[in-house]
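The residues making up each chain are set out below.
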Amino acid sequence: MLDSDDKRPVMLGEYLAANNVTVRQTAAHFGISKSTVHKDITVRLKELDEELFERVRQVLDRNKALRHIRGGQATRNKYKAQTKE
């Protein structure tokens, strides 16, 4: 039987892969730190479920490729909100 340390990386990986979300969104959903999520899905998950790890890796790679766009959009929204005030 798996203890909670073995269940959590699989649960996080399944959520991230199924919903195509970021590490930050996954951390917020489960109420844990993004460092914990990242460590679980990049180190521990690889040892537990390699197939799931590959699916998660694809999502992480996609998120990394798009993060500059999300950051730019966040900055744009910030200044747009300031102008309205």
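Description of the structure in this document. For clarity, every value in this text was computed on a predicted model and none was experimentally measured.

Attention now goes to the packing of helix 2 (residues 23-30) against helix 3 (residues 34-48). Running from N to C, helix 2 and helix 3 point in directions that differ by 110°, and their axes come no closer than 8 Å. The angle between the axes of helix 2 and helix 3 places the two elements in the roughly perpendicular class. Along this stretch, helix 2 crosses helix 3, giving a crossing that reads as right-handed. In this structure, helix 2 contributes Val23, Arg24, Thr26 and Ala27 to the contact, and helix 3 contributes Lys34, Val37, His38 and Ile41. Of the residues that constitute the contact of helix 2 with helix 3, the class distribution is 4 nonpolar, 2 polar and 2 charged.

Applying the stated criterion across every chain yields a total of 3 salt bridges. A salt bridge links Asp40 to Arg44; the shortest N-O distance between them is 2.4 Å. On the criterion of helical spacing, the pair formed by Asp40 and Arg44 is a turn pair, its members being 4 residues apart in helix 3. Using a relative accessible area of 0% as the deciding quantity, one classes Asp40 as buried.

Considering all chains together, one arrives at 1 aromatic pair under this definition. Note on Tyr15 and Phe30: the rings are 5.3 Å apart at their centroids and 85° apart in plane angle, and the pair reads as edge-to-face. A residue pair is termed long-range when its members are at least 10 positions apart, and Tyr15 in helix 1 (residues 4-19) and Phe30 in helix 2 qualify at 15 residues. A relative accessible area of 21% means that Tyr15 is categorised as partly exposed. By relative accessible area, which is 27% here, Phe30 ends up partly exposed.

Parameters and conventions
- Residues numbered from 1 in each chain as written.
- Predicted model: local features only at pLDDT ≥ 70, side-chain atom pairs only at ≥ 80, totals over all residues.
- Heavy atoms only, no water.
- Axes fitted to C-alpha atoms, helices over the stretch in contact; angles between N-to-C directions.
- Helix = DSSP H or I, 4+ residues; strand = E, 2+ residues; numbered from the N terminus.
- Parallel < 35°, antiparallel > 145°, perpendicular 65-115°, else oblique.
- Left-handed = near helix turned anticlockwise from the far one by under 90°.
- Contact = heavy atoms within 4.5 Å.
- Nonpolar A, V, L, I, M, F, W, Y, C, P; charged D, E, K, R; others polar.
- Salt bridge = Lys/Arg side-chain N within 4 Å of Asp/Glu carboxyl O.
- Buried < 20%, exposed > 50% of the residue type's maximum accessible area, 1.4 Å probe, protein only.
- Phe/Tyr/Trp six-rings, centres within 6.5 Å; stacked < 30°, edge-to-face > 60°.

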